[in-house]
Structure formats: structure tokens, C-alpha cells
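Working through the structure, step by step
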There are 2 protein chains.
Amino acid sequence: MTRSPDPSITQSLCVVGIGLMGASFAMALKASGFLGRITGISRSDETMRKALERNIVDDASTDLRAVRDASVIVLCTPVRLLIEQISELGAICKAGTIITDMGSTKTEIVRAMNALPPDVRAVGSHPMCGKETSGIDVAEATLYRGMPWILTRTERTDEESFQVVKSLAEQVGAIPREISVERHDVLLAFASHLPYALSTAMVSVTDQFGQNNPEVWQVMAGGYRDTSRVAASDVTMWLDILLTNADAITGAVRDFQFTLDQLTAMLERRDEAGLKAFIAAAVSARKAHFG
Amino acid sequence: MTRSPDPSITQSLCVVGIGLMGASFAMALKASGFLGRITGISRSDETMRKALERNIVDDASTDLRAVRDASVIVLCTPVRLLIEQISELGAICKAGTIITDMGSTKTEIVRAMNALPPDVRAVGSHPMCGKETSGIDVAEATLYRGMPWILTRTERTDEESFQVVKSLAEQVGAIPREISVERHDVLLAFASHLPYALSTAMVSVTDQFGQNNPEVWQVMAGGYRDTSRVAASDVTMWLDILLTNADAITGAVRDFQFTLDQLTAMLERRDEAGLKAFIAAAVSARKAHFG
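Figured I'd write up the structure that's included with this text. The model shown is predicted, which means the values in this text are computed figures rather than measured ones.

Our next topic: the sheet that holds strand S7 (residues 148-152) of chain B. All names here are of chain B. Taken together, the eight strands give an open sheet; going across it, the order is S3-S2-S1-S4-S5-S6-S7-S8, and neighbouring strands pair in mixed fashion. The outermost strands of the open sheet, each flanked by one partner alone, are strand S3 (59-61) and strand S8 (175-178). Here the strands of the sheet are splayed against their neighbours by 25° on average, with no regard to which way each runs. Two elements, S7 and S8, share four bridges in a ladder whose sense is parallel. Counterpart to Trp149 in the pairing with S8 is Pro176. Against the sheet, helix H5 (residues 159-171) engages strand S1 (12-16), strand S4 (72-75), strand S5 (98-101), strand S6 (121-127), S7 and S8, with an angle of about 30° to S6. Contacting S6 and S7, helix H6 (residues 181-212) crosses the sheet at an angle of about 140° to S7.

Here's what the structure looks like:
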């Protein structure tokens, strides 16, 4: 059995990036009775002012060097920025500091963590939640409640740092689950990045069709609304996800295209039995996993 | 200006198919103070019993010939069944009867309506709403409220029958909008049938991937849930939609595939500027039309 980590380790926690994810995390920690001090780092003066006014953080700074004395650092910035920040932190952090992140891809992040000085500890993590809106104003303390939170070990992960990050995930109500870095990005390509790519390409093709057929936007119902929702998400966040998981995503898209071709081939030859079996299997799979 | 139709025309209304759409329509009419008598036709004894017990209809029958004396008949069955019922109704209905439907495709339905005897009237219609669950048990009086309701004229549509169907749509809270049969199926291929095809193919490919990677179902969040929702809808309803609009749907899928290929090509060559412009345009289009 694993022991709960010493609470003094989290007495000084630093959240880098005070947007939806970072601000919600700080709010959830405070709501759960977290006793440590939370410092927020943001590049925006307005965000810092709001974070302090709303008591989301105890201190705030625009300077990454303000993390110098933190015992735990949680990077909540877009993936490519946080990869840069990891290497900067190598020169800033004291020995023993635990760095974790909230990035939606892991291969490149873990590679950056593995390049940290040997006395800095790092655990990859990825809470499986979000919204199609972003920023501190839409943050909420319940964002992580009941959501999966993936943990990936790095060459800089020891048992204590792993348990610290796991405990933080539990403290905000998430359900931690360990997945290796090798598996993470392939699984997420199907579970999250493929739906995003399809949703975005669907809105794009509708936008093109709509140039000469503007009525198309007036005859939509729940099917289009739901299927297109994720396409409205934050541009920078998704650009970074696509660019740091490009190979796994193009692989998932290729598999998807074969399946879509199969569906259209049945449609072209009016293969009623084949279509019915295809549709019914999808209904069963969706219902089995989402009820 | 159009006049409101004589209310006596709708004094005897018959709803054929007492599932989600038909039962919700009858409930919405009654909730709005509709004064006519509503007869329900269903092939299921249990559905009829429920419809009568819950006061959704005033009379019920399993026999389509029970529509004989109805002044307005609303067909709420799956598309291919309702096409068969239209031609049966030609031999059953009295002169002047108004037939309408709730089918999600219109070309084949309007063709069947145009083949009715010249003294029977018919208006194509298509309320743009639904649920991923079906049947009388999930029916609700508010289903149509605020939803678009498309009307298509046929060779059997006169001004009075058009106004009668339009008034019924308004009475249940929907927003009627006329679209020609030629335009309807192409627009709907993009606005509704393409999202369904993508959602279903996505669940199908995930199901295949999940055979050897079952953890994929444990790392999903809102993006997958929303994008896959419509794939859980009624099999028969969608089989009929696909088979009666196959050409327009395969056309929309082909356009979609070009757009998806464009996205993957940019991903493969790590074209940051191109990806960013693509994503940002989709965000703008989604937000412009869904807020």
C-alpha cells in the first residue's frame, strides 16, 4: 500500500497559467480545505488582479522566477509553452521541487521533464476535462470532480512525487489513473484528438458549403450542435495539442477514413443489411460506454 | 397576408406512429389548448394502451384504415414506412384530407405525395428536433418549442393545406420555414446527416481500436461524449434517412473528406500557420452560428 505524502510537501504550491484549468484547480484546492499557500503566475496583469481579488490565489506574479521557493509547481499553460517553461524551471527550481502539468499530450512534455536536472522531480499529468470556453472568468471549483486524471511517470518521478500529484488530483475530486507515456498519446489520439479533428473539419466544410448555401445554418438541430461543440474550443490549446501529437493523430484519422469509406461504400450500393449492422454496432458501443 | 385556416379543418387529427415525435406532437397540441380530437395509430398494443392511459390521444387503433374520417393526418413513422403509408392512404382517405409527415428526408416522400389522388392534399414537413432516445416514454410536450420546422410544398399542396400545417407547427411552438424539396435534402445532408455519419463512423473506429486497447474508453471526456452523442440515436430512423438521401449524403461526405485531408496534410508537414488559420476559422464559424 502507498502512504499519503507528508502534507508539508504541498505547503507552497505554484500554479503557472491562471486560465480555466489553473484557476479552477486553485479554486478546487481551496474549496477542499487545502492548507498550503497558492501562488499564481500569469502573463496578464488583469488575470492576476482578478485571481487575487477573487481569492483564487494568495500571491501572484508575472515572473516565472517567483516559483523559486515553491515545493510543487503545476503548469497549466498550453502544451508548447509549458514545454519551454519546463526547461526554464530546471535553472530556477531548488532541489526536490515537484513539477507537474496539465497538458493533453505527453510524449514531448515527458521528454522535456526527463531533461531536467536530476534533483528536480517531475510527474506528467492530464486531467480529462475542459470547456469550449477559456479564461479565469469561466473557472469553477467543481471542474475536476468525478473526472479522470491521468498520471504518467517520467525519469524524474520517484514514489513520493507520484503520490503527491495523485493526492492533489484526489483532493480536487478527480479520479487518478496511471498510464504510461507510450500509451497516453495513442489512446488520447482516439479518445480526444480525433473527435476534435472531425468536429473542426466538419465546421470547416459546412462553412465552405455555407458560402453559397447560407440557409444551411438555419436548419440545424441538436446533432450538429453537439458534434460541432468541441470545434469552438481554444485555438492555442488545440494548435499545441495537434502539433505535439501529430503522428498519433494522423494515424487515428487514417483509421477513421477507412471506416468512413466503408460506410459510404455501403451507402453507394444501398447495402441495407450492411448499413444496419454498422449503425447498430455503433449504437451498442456508444450505449455500452456512455449509458 | 395569409389568413389563419378555418379551425374546423383540424377538428379530427390523426397521428400515425406514437413514438417520441408523434406522442410529443400530440402532447404539445393538447398542452396548447388544441380543440380537435386526436386519434393515434400504432402497431404496438402497449404503446396504444400508454397513449390512451396518459391522455396523449383520444382514440387509438392499430389499423391505418382508422384514419378514414380524419381531416388531417400526421405521419410520424420512419421514412421508408411512411412512404409506404402515403400510397396506402391514397386509397383510404376522403377528398380534401391533408396529409403531412415528419420525415428527415424529402425527395422520396414528396415523390410519393405527388402520386396521391388529385383530391387528397399533402404538405411535406420536417421538424428539426429529436433525441438520442426514442419511444413514447421519452415524449414531452416541449420537444418542438423554439425548433425550426421545415415545410416543403408538393404537387398536392394548396394554400389552405400549407397554412393548416404551418399553423400546427406554430401551435406546438416551432418556427416554420419553407424550403423547396430540391434544396431540403442537400441542406440537410450537411446540417444533419453528415454529423450523424461522422459520429457513427467515429464510434465504429473507436470500437475497433478498443478491441485491443480497451483503456481508450476510460480516458474520454466531454469532446468524445458530445461528438458521439448522435450515434446513439434510433437505428431504424437513421437507416431510412441514409437510404433515402444516399446521393446527397455521399456528396457531403466527399466534400468533408477533402477538408479532412487538407487538415491532415498540414499536420503532416507541421504547418503551424496553416493549422492555426484553419482552426481559427472553424472557431469563428461555430461561434457566429451557435453563439
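With respect to the helices, strands and loops of the structure, Thr264(A) is situated in helix H9 (residues 246-268). Thr264(A) sits in the buried class, given a relative accessible area of 9%. Among the polar contacts listed, one links the side chain of Thr264(A) to the backbone oxygen of Leu260(A), at a separation of 2.6 Å. Not counting residues within four places of it along the chain, the set of residues in contact with Thr264(A) comprises Thr250(B) and Val253(B).

Residue and element names in this part refer to chain B. Within the secondary structure layout, Met48 lies in helix H2 (residues 45-53). With relative accessibility at 12%, the residue Met48 sits in the buried group. Among residues more than four places away in sequence, those in contact with Met48 are Ser42, Ala60, Ser61 and Thr62.

Taken as a whole and judged by the stated rule, the model has 14 aromatic pairs over all chains. With a centroid separation of 3.9 Å and 5° between ring planes, the pair formed by Tyr196(A) and Trp238(A) is classed as stacked. Note that Tyr196(A) is positioned in helix H6 (residues 181-212) and Trp238(A) in helix H8 (residues 235-244), a separation of 42 residues in sequence. Residue class for Tyr196(A) comes out buried when judged on its relative accessible area of 1%. Measuring from centroid to centroid gives 6.0 Å for Tyr224(A) and Phe290(B), while their planes differ by 5°, and the two rings are stacked. Here the residue Tyr224(A) occupies a position in helix H7 (residues 222-228), and Phe290(B) occupies one in helix H10 (residues 272-290), the pair thus bridging two chains. For Phe290(B), a relative accessible area of 26% gives the class partly exposed. Residue placement shows Arg153(A) over the ring face of Phe162(A); its charged tip is 3.8 Å from the ring centre. Above the face of the Phe290(B) ring, Arg286(B) is positioned so that its terminal group lies 4.4 Å from the ring centre.

Our focus in this paragraph is the relation of the copies chain B and chain A. With an RMSD of 0.0 Å, the operation that places chain B on chain A is a rotation of 180° combined with a shift of 0.0 Å along the axis. As the rotation angle and translation indicate, the two copies are arranged about a two-fold axis. Across chain B, the rotation axis passes nearest the C-alpha of Thr227(B), at a separation of 2.0 Å. When the interface residues of chain B are mapped onto chain A, 100% of them are again interface residues, pointing to one common binding face.

A word on helix H2 (residues 45-53) of chain A. Given 3.6 residues per helical turn, the α-helix brings residues three or four places apart onto the same face. Residue and element names in this part refer to chain A. Those residues of H2 that sit buried are Thr47, Met48, Lys50 and Ala51. Taken down its axis, H2 places every buried residue within 165° of arc, on the same side. Seen from the buried face of H2, the exposed residues on the opposite side, beyond 90 degrees, are Asp45 and Glu53. Packing partners of the buried residues in H2 comprise strand S3 (59-61). A side-chain oxygen of the first residue of H2 lies 3.3 Å from the backbone nitrogen of Glu46; this N-cap is Ser44. Looking at the residues trailing H2, positive phi occurs at Asn55, about 60°.

This part is about the interface of chain B and chain A. Taken residue by residue, the interface counts 82 residues in chain B and 82 residues in chain A. Summed over the three residues of chain B that lose the most area to chain A, namely Val219(B), Ile279(B) and Arg286(B), the buried surface amounts to 9% of that side. Inspection of the chain B/chain A interface yields eight salt bridges. The partner of Arg270(A) in a salt bridge is Asp247(B), and the shortest N-O contact between them spans 3.2 Å. Our enumeration of links across chain B and chain A arrives at 18 residue pairs in polar contact (both at pLDDT 80 or more). The set of elements that each furnish at least two residues to the side of chain B that touches chain A consists of S7, H6, helix H7 (222-228), helix H8 (235-244), helix H9 (246-268) and H10 of chain B. Sorting elements by how many residues they give to the side of chain B that touches chain A places H6(B) first, with 20 residues.

Here we come to the sheet that holds strand S7 (residues 148-153) of chain A. Residues and elements named next belong to chain A. Taken together, the eight strands give an open sheet; going across it, the order is S3-S2-S1-S4-S5-S6-S7-S8, and neighbouring strands pair in mixed fashion. At either end of the open sheet lies a strand with only one pairing partner, and these are S3 and strand S8 (175-178). For this sheet the average axis-to-axis angle between neighbouring strands, irrespective of direction, equals 25°. Sheet analysis places strand S6 (residues 121-127) next to S7, joined by five bridges and oriented antiparallel. By the bridge assignment for S7, Pro127 is matched with Trp149. Sitting on the sheet, helix H3 (residues 79-92) touches strand S1 (12-16), strand S4 (72-75) and strand S5 (98-101), and the angle it makes with S4 is about 155°.

Residues and elements named next belong to chain A. For Ser199, the location among the structural elements is in helix H6. Exposure remark for Ser199: the relative accessible area of 0% places this residue in the buried category. Only 2.7 Å separates the side chain of Ser199 from the backbone oxygen of Thr227, close enough to count as a polar contact.

Rules and cut-offs
Residues numbered from 1 in each chain as written. Chains lettered and ligands numbered in written order. Predicted model: local features only at pLDDT ≥ 70, side-chain atom pairs only at ≥ 80, totals over all residues. Heavy atoms only, no water. Pairing = 2+ DSSP bridges. Helix = DSSP H or I, 4+ residues; strand = E, 2+ residues; numbered from the N terminus. Axes fitted to C-alpha atoms, helices over the stretch in contact; angles between N-to-C directions. Contact = heavy atoms within 4.5 Å. Buried < 20%, exposed > 50% of the residue type's maximum accessible area, 1.4 Å probe, protein only. Polar contact = N/O pair within 3.5 Å; in protein donor to acceptor, adjacent residues only side chain to side chain. Phe/Tyr/Trp six-rings, centres within 6.5 Å; stacked < 30°, edge-to-face > 60°. Lys NZ or Arg CZ within 6 Å of the ring centre and 35° of its normal. Least-squares fit on C-alpha atoms with pLDDT ≥ 70 in both. Arc of directions from axis to C-beta. Buried area = accessible area lost by both parts, 1.4 Å probe. Salt bridge = Lys/Arg side-chain N within 4 Å of Asp/Glu carboxyl O.

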